[in-house]
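Structural features, examined
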Amino acid sequence: MHKQTEEIPKIYQDTPDFMPINGTDYLELYVSNSKQAAHFYRSAMGFKPLAYSGLETQNRETESYVVVQDKIRLVLTSPLKSGSVIGKHIDKHGDGVKVTALWVDDASYAYQEAIKRGAKSYMEPRVEEDEHGRVVRSGIHTYGEVVHIFVERKDYGGIFLPGYKEWSSDYETEDVGLKFVDHMVGNVELGMMNEWVKFYEEVMGFKQIMSFDDKDISTEYTALMSKVMSNGNGRIKFPINEPAAGLKKSQVDEYLEFYEGAGVQHIAVATDDIISTVTQLKQRGIDFLEVPDTYYDVLNERVGPIDEDIEKLRKLKILVDRDDEGYLLQIFTKTVQARPTMFFEIIQRKGATSFGKGNFKALFEALEREQELRGTL
Ligand code: FE2
């Protein structure tokens, strides 16, 4: 499960990995209306119902719907009463990612190693059991109010986690071909990027595999800086952005203002056929950022030969970039909740291991056109 690559990057081969992670276990979003959010992820994004926790499972505090598409599991949680921690989180941030859960073989060990290296505890190792077996979970804080929960599920055969019941429904939707979480990007406050790079290096044993500065990522008006952190086997990749000085407010500034702090900016999900995936998502009402038509006039010159029909890419506004190892296709949704904060990236990698640097300028200009409409540039 969650296997993305068998190859271990060279930089890891001589250092033992003290924090082995098998993959992303689930992402939990705190949302204002979990029932309606679940419907959006099913009808528009192609997820299937998986599990439920709430009044019908004797949970009187929260209601969670778990949806799944291949290896991607999203937990959508709302409080059932006022004055809760979750309610306060939603009041401050709007809808957003609270938990990035990481699948490990030993959640107690992962927790001890992280705490020993300076992590702030969110949840001490806790055994949760039901008739399907036992799960151990533990958690640490990361940037903003986001947390990492380590999930050990080798002794568990249930549908999701103890406390959840299977959720099935007569309403069936086709998946759109989303496979796994490719990477997840965090926006942090000005001057904090290197702090969090250090955190992922020291506490989690991640390595920096790429960095972009304001010379790579700037338009006429705005700029940002980014460093990409990866775990030992490359299955977990967390780029971290911070704003850089520009003439106007950058997209990261806008995020920080509306999320009221650091948080998850985008979740990149992989597909094997981006043309089919994006065609279906558009038919179901997902809005994407659009680059100008002229982007495609010089595409062939910029990236060389590719398997896809450029006219199809032009019609769907899919972006392409090439690195030393191959090329990638990508596209970004508009933000998916009331506040202009989180969005999704759809990505198909054909050898490339990078993040689309060649698209940054066209992309940020598209983002700025959106900001302009919102009056937040
Ligand atoms: Fe991305």
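None of the values given here were measured: they were computed from a predicted structure.

**A look at the pairing of strand β10 (residues 178-187)**
Note on strand geometry: in a regular strand, side chains alternate between the two faces of the sheet. Buried residues dominate β10, accounting for nine of its ten residues. The pairing of β10 with strand β14 (residues 263-271) spans seven bridges and is antiparallel. When the sheet's bridge partners are listed, Gly-186 is paired in β14 with Val-264. Here β10 pairs with strand β13 (residues 237-244) via two bridges, running parallel. In the strand pairing of β13, Asn-187 is matched with Asn-241.

**What about the environment of Arg-73?**
Following the sequence through the fold, Arg-73 ends up in strand β4 (residues 72-79). Given the relative accessible area of 11%, Arg-73 is considered buried. Considering only alpha carbons, one finds Arg-73 and Phe-47, 26 residues apart in sequence, at a separation of 8.7 Å. A distance of 3.1 Å separates a polar atom in the side chain of Arg-73 from the backbone oxygen of Asp-25.

**Some points on the domain arrangement of the chain**
As assigned here, the chain comprises domain 1 (10-166) and domain 2 (178-374). For domain 1 versus domain 2, the separation of C-alpha centres amounts to 24 Å. Each partner contributes to the interface: domain 1 provides 48 residues, whereas domain 2 provides 42 residues. Contact between domain 1 and domain 2 buries roughly 3,700 Å² in total, counting both sides, with carbon and sulfur atoms accounting for 64%.

Each value, and the rule that gives it
Residues numbered from 1 in each chain as written. Predicted model: local features only at pLDDT ≥ 70, side-chain atom pairs only at ≥ 80, totals over all residues. Heavy atoms only, no water. Buried < 20%, exposed > 50% of the residue type's maximum accessible area, 1.4 Å probe, protein only. Helix = DSSP H or I, 4+ residues; strand = E, 2+ residues; numbered from the N terminus. Pairing = 2+ DSSP bridges. Polar contact = N/O pair within 3.5 Å; in protein donor to acceptor, adjacent residues only side chain to side chain. Domains from an automatic or database assignment. Contact = heavy atoms within 4.5 Å. Buried area = accessible area lost by both parts, 1.4 Å probe.

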